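Read off the chains here:
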Amino acid sequence: MTRAVGRSAASAAPRSADVAQVAGVSRKTVSRVLNNEPYVSDEVRRRVLEAAEQLGYRLNHAARALASGRNRSIGVVALGTAGYGTASLLVGIEKAVRDAGYALRVVNTVDGDPDGIAGAVMSLLEQGVDGVVVSEPIVEGEIPLRVDVPVLFLGAPPAFVSARTVSVGVGAHALARAATEHLLDLGHTTVHHLAGPRRWYASKDRVEGWRAALAARGAQEPPVVEGDWSAASGYEAGRELAADDSVTAVFVAGDEMAIGLIHALREAGRRVPEDVSVVGFDGNPVFAYVTPPLTTVSQPFDAAAREGIRLLVHAIEEPETELPPASEPPVELVVRGSTAPPPSHQDRTAPSAAD
């Protein structure tokens, strides 16, 4: 028979000591029961489980916390935006964290707030998280912060000191290179680039991948045009590029900017893809249904999140062992209707009037 415990229903969350008091056993016995260990009688096991249920003690969480001293939660620092890439990566992180048996805590930052990341991390630590994921794409310099739990930097280099640092890329360099190589393979002599904001690590990785592809082919590197991820900035860049008749191919760092770019090109009388080919970046499925359907490279959000969380959980649960090697994220080029050979190649392959 369980006994009453001297804690009101409105008091703090129940602890293992409360379960032990109600069940009339030791905390060690509670730990054994909740961890499903042997050498516990059926009667004692029944009393502990009934006490845990009566108190609303979360069994899975409790078992692991008792065994490891951890809270089974992972915190995420993310840029507060509804952008497709940022939001998709956060969804992938949430699923990977849940599949690993952890709870998720999310703190959003605001673009331009210099104390955003440090404040967000401290907020998560105050909640007792066992590890932190930084998917914040804007980190300017080192942050004077020391964290006593493992930290995963996803798509960005480490920005502060932690108990154990895990870094996993999202494949932006390889994807940008694949997008540029696709246009060069079609016969374009060079590829222009509409980049994202230069403060973003994602922008830097894509610029570097574009440059690497051009250098490997000995192609001229045109000046970079900078946007801000929005369709409006893509439209403004498109007006600028449309005035240059030598532009036949553009790799754009984001799908939304690519749509704005295409709109400006067509307004200026430049056909896509007959006159100018355009490749986007992210793989937003909505843009398969625009005119023309957008060729793009698809970011492996789920794969990157799974790999990062796998390594972070390893760092949390096996702090004394070496981290396993990280696998490379896949590269997926989705070819649709916005890319074609340059006009000079089209003219050579077109049938003559005498044929």
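Look above for the structure.
Here goes a summary of the coordinates provided. What you are looking at is a predicted structure, and each value in this text was computed from that prediction instead of being measured.

**Considering the overall build of the chain**
Step number 1: Helices and strands together make up the secondary structure of the chain, namely twelve helices and 13 strands.
Step number 2: Out of the 355 residues in the chain, the part that is buried amounts to 49%.
Step number 3: Taking as baseline every contact in the chain between residues at least 6 positions apart, the subset at least 24 positions apart corresponds to 67%.
Step number 4: Summing over all exposed atoms, the chain offers an accessible surface of approximately 17,300 Å²; the carbon and sulfur share of this is 51%.

**Some remarks on the environment of Ala 17**
Step number 1: Note on placement: Ala 17 falls in helix 1 (residues 16-23).
Step number 2: Sequence separation between Ala 17 and Lys 28 is eleven residues; the distance between their C-alpha atoms is 9.6 Å.

**Digging into the pairing of strand 5 (residues 151-154)**
Step number 1: Every second residue of strand 5 is oriented toward a common face, with Val 151 and Phe 153 on one face and Leu 152 and Leu 154 on the other, all of them buried.
Step number 2: Pairing between strand 5 and strand 7 (residues 165-168): four bridges, direction parallel. Its bridge partner lying in strand 7, Val 151 is registered against Thr 165.

**Some thoughts on the nonpolar core**
Step number 1: Membership of the largest hydrophobic core comes to 40 residues, with the highest contact counts inside it found for Ile 93, Val 133 and Ile 309.
Step number 2: The element best represented in this core is helix 11 (residues 301-317), accounting for nine residues.
Step number 3: In contact with Ile 93, other than residues within four places in its own chain, are Val 76, Leu 104, Val 133, Ser 135, Leu 154, Ala 305 and Ile 309.
Step number 4: Counting residues in hydrophobic clusters, the runner-up holds 24 residues, among them Val 225, Ala 253, Ile 262 and Val 278.

**Examining the side chain of Asp 255**
Step number 1: Within the secondary structure, Asp 255 sits in helix 10 (residues 255-267).
Step number 2: Of the side chains with opposite charge, Arg 336 comes closest to the buried, unpaired Asp 255, at an N-O distance of 6.3 Å.
Step number 3: Discounting chain neighbours no more than four positions away, the residues touching Asp 255 are Gly 280, Phe 281, Asp 282, Gly 283, Asn 284, Phe 287, Leu 294 and Thr 296.

**Overview of the pairing of strand 12 (residues 295-298)**
Step number 1: Burial of strand 12 is two-sided: the residues Thr 295 and Val 297 facing one way and the residues Thr 296 and Ser 298 facing the other way are all buried.
Step number 2: Examined bridge by bridge, strand 12 and strand 13 (residues 332-334) share three bridges and lie antiparallel to one another. Bridged to Val 297 within strand 13 is Leu 333.

**Digging into the packing of helix 7 (residues 172-185) against helix 8 (residues 201-217)**
Step number 1: Taken N-terminus to C-terminus, the directions of helix 7 and helix 8 make an angle of 40°; their axes are 7 Å apart at the nearest point. Viewed along their axes, helix 7 and helix 8 adopt a mutual orientation that is oblique. The crossing of helix 7 and helix 8 is right-handed. Residues Ala 172, His 173, Ala 176, Arg 177, Thr 180, Glu 181, Leu 184 and Asp 185 of helix 7 form the contact with helix 8, whose own contacting residues are Asp 205, Arg 206, Glu 208, Gly 209, Trp 210, Ala 212, Ala 213, Leu 214, Ala 216 and Arg 217.
Step number 2: Residues of the contact of helix 7 with helix 8, tallied by class, amount to eight nonpolar, three polar and seven charged.

**Observations regarding the sheet that holds strand 10 (residues 249-252)**
Step number 1: What the six strands build is an open sheet, ordered 9-8-10-11-12-13; its pairing is mixed. Edge positions in the open sheet fall to strand 9 (225-226) and strand 13, since each of these has one partner strand only.
Step number 2: For strand 10 and strand 11 (residues 277-282), the ladder comprises three bridges, and the chain directions are parallel. Looking across to strand 11, one finds that Ala 249 is bridged to Ser 277.

**Overview of the sheet that holds strand 7**
Step number 1: As summarised here, the arrangement of the five strands in space is 2-1-3-5-7, forming an open sheet in which the pairing is parallel. Both edges of this open sheet fall to strand 2 (103-109) and strand 7, since each of them pairs with a single strand only. Each neighbouring strand pair of the sheet contributes to a mean axis angle of 20°, computed without reference to strand direction.
Step number 2: Together, strand 1 (73-79), strand 2 and strand 3 (131-134) form the strand contacts of helix 6 (residues 116-126), whose direction differs from that of strand 2 by roughly 155°.

**A word on the pattern of salt bridges**
Step number 1: Under the definition given, this model contains twelve salt bridges.
Step number 2: Across the salt bridge formed by Glu 94 and Arg 98, the nearest N and O atoms sit 3.0 Å from each other. Here Arg 98 and Glu 94 lie together in helix 5 (residues 84-99), a separation of four residues that amounts to about one turn.
Step number 3: Overall, Glu 94 belongs to the partly exposed group, its relative accessible area being 31%.
Step number 4: Residues Asp 185 and Arg 217 are paired through a salt bridge, measuring 2.7 Å at the closest nitrogen-oxygen approach. Of this pair, Asp 185 sits in helix 7 while Arg 217 sits in helix 8, and the two are 32 residues apart along the sequence.
Step number 5: Residue class for Asp 185 comes out exposed when judged on its relative accessible area of 55%.
Step number 6: Given the relative accessible area of 42%, Arg 217 is considered partly exposed.
Step number 7: Salt bridges sharing common partners tie together Glu 43, Arg 46 and Glu 50.

What counts and what doesn't
Residues numbered from 1 in each chain as written. Predicted model: local features only at pLDDT ≥ 70, side-chain atom pairs only at ≥ 80, totals over all residues. Heavy atoms only, no water. Helix = DSSP H or I, 4+ residues; strand = E, 2+ residues; numbered from the N terminus. Buried < 20%, exposed > 50% of the residue type's maximum accessible area, 1.4 Å probe, protein only. Contact = heavy atoms within 4.5 Å. Areas by Shrake-Rupley, 256 points an atom, 1.4 Å probe, with all protein chains shown as cover. Pairing = 2+ DSSP bridges. Core = buried A, V, L, I, M, F, W, Y, C linked by side-chain atoms within 4.5 Å. Lys, Arg positive; Asp, Glu negative; His and termini not counted. Salt bridge = Lys/Arg side-chain N within 4 Å of Asp/Glu carboxyl O. Axes fitted to C-alpha atoms, helices over the stretch in contact; angles between N-to-C directions. Parallel < 35°, antiparallel > 145°, perpendicular 65-115°, else oblique. Left-handed = near helix turned anticlockwise from the far one by under 90°. Nonpolar A, V, L, I, M, F, W, Y, C, P; charged D, E, K, R; others polar.

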